[in-house]
Amino acid sequence: MAAKWQQWNERVKEQYPAIFDRLARLVALPSVAAQKRAIPETARLIRGWLEEAGAEVRLLDDLGGSPVLYACFEPGPGGRKDRTVLLYNHYDVQPAEPLELWDSDPFRLTERDGKLFARGVGDNKGDIVARLAAILLLRQDGGLPCRVKWLIEGEEEIGSPSLPRYMDKYGHLFAADACIWEFGYKDAEERLCMTSGLKGLTYFELHCRGAEVDMHSMASAYIDNPIHRLCMALASMKDDKGRVLVEGYYDGMQEPTGRELEAVLGLPFDAEAERKRFGVKLPFITDRSGRDPRVVTAFEPQLSICGICGGYTGEGAKTVLPKEAFAKLESRNVAGQDPKRIIEAVRRHLDRHGFEDIEIRVLNDEQRGFRSDFDHPFVRLMKETAEEVYGGEVILNPSHPGCGPMYEIGGRLRMPVVSTGIGWAHSNYHAPNESVRVADMLQGIVHIALVLQRFGTGSGQDA
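Because the structure is a prediction, the values reported are computed rather than measured. (Residues numbered from 1 in each chain as written. Predicted model: local features only at pLDDT ≥ 70, side-chain atom pairs only at ≥ 80, totals over all residues. Heavy atoms only, no water.)

You can see H349 is positioned in helix α11 (residues 339-352). Of note is the side chain of H349, whose polar atom sits 3.0 Å from the side chain of E247. Discounting chain neighbours no more than four positions away, the residues touching H349 are S236, M237, L245, V246 and E247. (Helix = DSSP H or I, 4+ residues; strand = E, 2+ residues; numbered from the N terminus. Polar contact = N/O pair within 3.5 Å; in protein donor to acceptor, adjacent residues only side chain to side chain. Contact = heavy atoms within 4.5 Å.)

Of the pockets and cavities examined, the second largest pocket occupies roughly 240 Å³. Forming the boundary of the second largest pocket are 14 residues, of which A263, F374, K383, V394 and L396 lie nearest the centre. For the lining of the second largest pocket, the elements supplying multiple residues, two or more each, are α7 (258-265), α12 (377-390) and β17 (394-397). When grouped by side-chain class, the residues that make up the lining of the second largest pocket number 8 nonpolar, 1 polar and 5 charged. (1 Å grid on protein atoms, 1.4 Å probe; cavity = no way out; pocket = protein on both sides within 12 Å on 5 of 7 lines; lining within 4 Å. Points joined across faces, edges and corners; volume = space filled by probe spheres on them. Nonpolar A, V, L, I, M, F, W, Y, C, P; charged D, E, K, R; others polar.)

Of note, the amide linkage connecting E97 to P98 takes the cis form, showing an omega dihedral of 5°. Structurally, P98 is set in the loop between β3 (80-90) and β4 (110-112). Looking along the chain, the bond that leaves D123 and enters N124 is cis, with omega of 15°. By the element assignment, N124 lies in the loop between β5 (115-117) and α4 (125-140). Residues other than glycine seldom take positive phi values, yet E190 does so here, at roughly 65°. Along the chain, the position of E190 falls in the loop between β8 (185-186) and β9 (192-195).

Time to look at the pairing of strand β10 (residues 197-209). Across the 13 residues of β10, 12 count as buried, placing the element largely inside the fold. With 2 bridges connecting them, β10 and strand β16 (residues 370-371) associate as antiparallel partners. Within β16, the residue paired with L198 across the bridge is F370. In this structure, β10 lies alongside strand β18 (residues 400-403), joined through 2 bridges in parallel fashion. Directly across from L198, in β18, lies its bridge partner H400. Examined bridge by bridge, β10 and strand β15 (residues 359-367) share 6 bridges and lie antiparallel to one another. Across the sheet, residue E205 finds its bridge partner in β15, namely R361. (Buried < 20%, exposed > 50% of the residue type's maximum accessible area, 1.4 Å probe, protein only. Pairing = 2+ DSSP bridges.)

Another aspect to go through is the sheet that holds β4. Taken in spatial order, the 3 strands make up an open sheet running β4-β5-β20, and their pairing is antiparallel. Of all strands in the sheet, those bounded by a partner on one side alone are β4 and β20 (435-437). The mean inter-strand angle of the sheet, taken between neighbouring strand axes irrespective of direction, is 25°. With 3 bridges joining them, β4 and β5 adopt antiparallel strand pairing. Residue pairing for β5: E111 is matched across the bridge by L116. Across the sheet, helix α14 (residues 438-456) lies against β4, β5 and β20, angled at about 70° from β20, the strand it touches most. (Axes fitted to C-alpha atoms, helices over the stretch in contact; angles between N-to-C directions.)

So, on to the packing of aromatic side chains. Remark: the centre distance and the inter-plane angle together describe each pair of aromatic rings, the angle taken between the planes. Under the counting rule described, the total for this entry stands at 6 aromatic pairs. Here Y16 and F20 contribute two aromatic rings whose centre-to-centre distance is 6.2 Å and whose plane-to-plane angle is 65°, an arrangement assigned as edge-to-face. Placement of both Y16 and F20 in helix α2 (residues 16-27) is noted, with a separation of 4 residues, approximately one turn of the helix. When its relative accessible area of 14% is taken as the criterion, Y16 is described as buried. Aromatic side chains F378 and F455 sit 5.7 Å apart centroid to centroid with 85° between the ring planes, which places their arrangement in the edge-to-face category. In this pair, F378 sits in helix α12 while F455 sits in helix α14, placing the two residues 77 residues apart along the sequence. The two residues F378 and F455 agree in class, both being buried. Sitting over the ring of W49, R22 keeps its end group 5.6 Å from the ring centre. (Phe/Tyr/Trp six-rings, centres within 6.5 Å; stacked < 30°, edge-to-face > 60°. Lys NZ or Arg CZ within 6 Å of the ring centre and 35° of its normal.)

Purely geometric stuff here, so don't read any function into it on its own.
Structure (structure tokens):
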């Protein structure tokens with residue numbers, strides 16, 4: 001006899017037209033947080049859907065920034081009120097530019113060859129619609145087997161700067177036993193990739209100002225060049241093997257457990273494929289250091305220069321000594337590190353090395369890294385149900401190198417967090433022609449429904 005979840009496969013196929021219509025309405029709203037577009041309208045649309053589906057809903061908007069949605073679905077008859085799963089998603093999206101590289105309107109849902117194209121169709125509106133479909137599927141099938149809460153924010157694509165304030169005041173609303181995070185994808189080998197941890201982010205600028213005006217370059221014989229000076233400061237912060245030389249930079253980092261290290265060393269990594277994928281011209285830093293790229297990527301913080309600006313960069317020559325220069329830097333922090341202390345460490349490093357004049361301007365120092373307890377029953381439940389629904393190898397990474405506000409949920413509320421979603425190897429998140437495959441979306445709906453069903457009947461929770 002077929003398992004109950006296998007019967008859901010046909011049900012979601014029948015419901016696909018309604019799922020498509022809902023997603024089309026959502027992606028039509030250009031909720032670009034960086035441009036402050038369509039944010040209130042998008043929050044109101046989702047709020048209406050959640051209320052129609054039977055949830056208690058609150059729109060939290062009293063602390064500035066984009067509204068945060070809270071929803072709570074009570075279990076159906078026979079469901080477990082003592083078991084609660086929290087869903088985390090975001091309704092904001094990346095800018096669609098450059099528009100000329102899209103094959104269709106980025107804010108009109110378009111289906112071609114079994115794929116859905118639009119900005120946010122995968123990151124992250126498609127997952128919102130898929131998870132709502134899973135909840136509706138279970139409610140139509142006798143009711144939810146456990147309590148389901150939902151946090152949907154509108155600033156993830158700009159670093160979730162307001163979320164810590166909302167969690168300070170409203171964190172108690174989102175208390176739960178475990179959380180299902182917002183993204184996941186199938187890789188080029190069709191393996192579902194999930195994660196139970198994310199890095200945090202510290203983003204800042206270094207400004208070096210040498211004069212009030214640009215000068216003729218003949219003055220460089222005796223007047224310091226701010227670009228040279230900034231480059232020397234940057235060079236002092238990292239060696240040629242990738243080791244950060246800022247004193248105190250690695251303080252607090254949470255070392256991996258044996259199980260986490262084993263899991264990361266088991267992740268697929270093809271160095272030559274990576275070189276070809278990105279057209280890499282330089283040797284890998286890990287070729288010089290002798291380190292394993294998977295271990296460094298997962299468990300160590302990384303300090304990177306994202307951009308440098310200063311002086312004349314137009315066509316032809318201009319003999320100029322620029323008045324100023326600046327660089328944008330990011331630190332991808334691991335679990336245990338305090339982003340504010342990283343800024344303090346950079347300040348001390350600059351001062352000790354004679355760069356007291358270089359100014360630090362902080363853009364984001366709120367996002368901490370987080371890793372779940374890799375041995376938690378809920379982490380195992382997520383992987384086991386995925387293996388059952390997807391019928392193949394599932395990759396569970398204890399620490400994805402991407403950044404997100406996972407600490408605000410897992411760390412503050414002390415719960416395991418596992419991320420899964422409906423993307424694929426060519427979803428093009430943050431790029432033109434963002435897409436998901438219809439089959440992956442329907443499969444993702446069934447997986448979320450099965451997780452909730454199994455969790456409500458006793459799996460994935462400590463006794």
